[in-house]
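Structure assessment
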Amino acid sequence: MAQPHKGDRELTQSRLARPVYDEVKKRAKARGVSISQYIADVMALHVDRPDLVWIDIDQLPLSA
C-alpha cells in the first residue's frame, strides 16, 4: 500500500546512545509508527511546528 506524500523532506542521520534508541523504539512501537516518523514528529514539536506532526500530538510527550 502506498504511503501518503508528506511533503518536502530531508534525510537526516543520527547515532543515538543505546538507551535512548531503545526508549525511542519502544515509544514508536507503542504508537504504531516507525522510529523515523516518531523522531520526525518529536522534532517538529521541538521547533514549534505542530502542523507537521502526523501522529496524535497527545501521544508525543517530550518528557518521560
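Preceding this paragraph is the structure being described.
Let us look at the structure shown here. Because the structure is predicted, anything quoted here is derived from the model rather than measured.

**A word on the layout of surface pockets**
Here the idea is plain: a probe the size of a water molecule rolls over the atoms and shows the empty space left. In this structure, the largest pocket occupies an estimated 920 Å³ of space. Examining the composition of the lining of the largest pocket, we find that 10 residues originate from one element, helix α2 (residues 35-46), more than from any other.

**What to know about α2**
With 12 residues, α2 should cover 16 Å at 1.5 Å per step; its first-to-last C-alpha distance of 16 Å lies within 8% of that length. For α2, every residue scored as buried is listed here: Q37, Y38, D41, V42, A44 and L45. All buried residues of α2 lie within an arc of 160° about the axis, which places them on one face of the element. Facing away from the buried side of α2 by over 90 degrees, the exposed positions are S36 and H46. Buried-residue contacts for α2 involve α1 (18-31). Where α2 terminates, the next one or two residues include D48, which has phi positive at roughly 60°.

**Some points on the nonpolar core**
Counting residues in each nonpolar core, the largest one holds six residues, listed as V24, A28, V33, Y38, V42 and I55. Mapped onto this core, the elements with two or more residues apiece are α1 and α2. Residues in contact with V24, not counting those within four places in the same chain, are I35, Y38 and I39.

**As for unusual backbone geometry**
One can expect most non-glycine residues to show negative phi and most peptide bonds to be in trans. The phi dihedral of D48 falls on the positive side, at around 60°, and the residue is not glycine. Its place among the elements puts D48 in the segment after α2. By relative accessible area, which is 65% here, D48 ends up exposed.

What counts, and at which threshold
- Residues numbered from 1 in each chain as written.
- Predicted model: local features only at pLDDT ≥ 70, side-chain atom pairs only at ≥ 80, totals over all residues.
- Heavy atoms only, no water.
- 1 Å grid on protein atoms, 1.4 Å probe; cavity = no way out; pocket = protein on both sides within 12 Å on 5 of 7 lines; lining within 4 Å.
- Points joined across faces, edges and corners; volume = space filled by probe spheres on them.
- Helix = DSSP H or I, 4+ residues; strand = E, 2+ residues; numbered from the N terminus.
- Expected span 1.5 Å × (residues − 1).
- Buried < 20%, exposed > 50% of the residue type's maximum accessible area, 1.4 Å probe, protein only.
- Arc of directions from axis to C-beta.
- Contact = heavy atoms within 4.5 Å.
- Core = buried A, V, L, I, M, F, W, Y, C linked by side-chain atoms within 4.5 Å.

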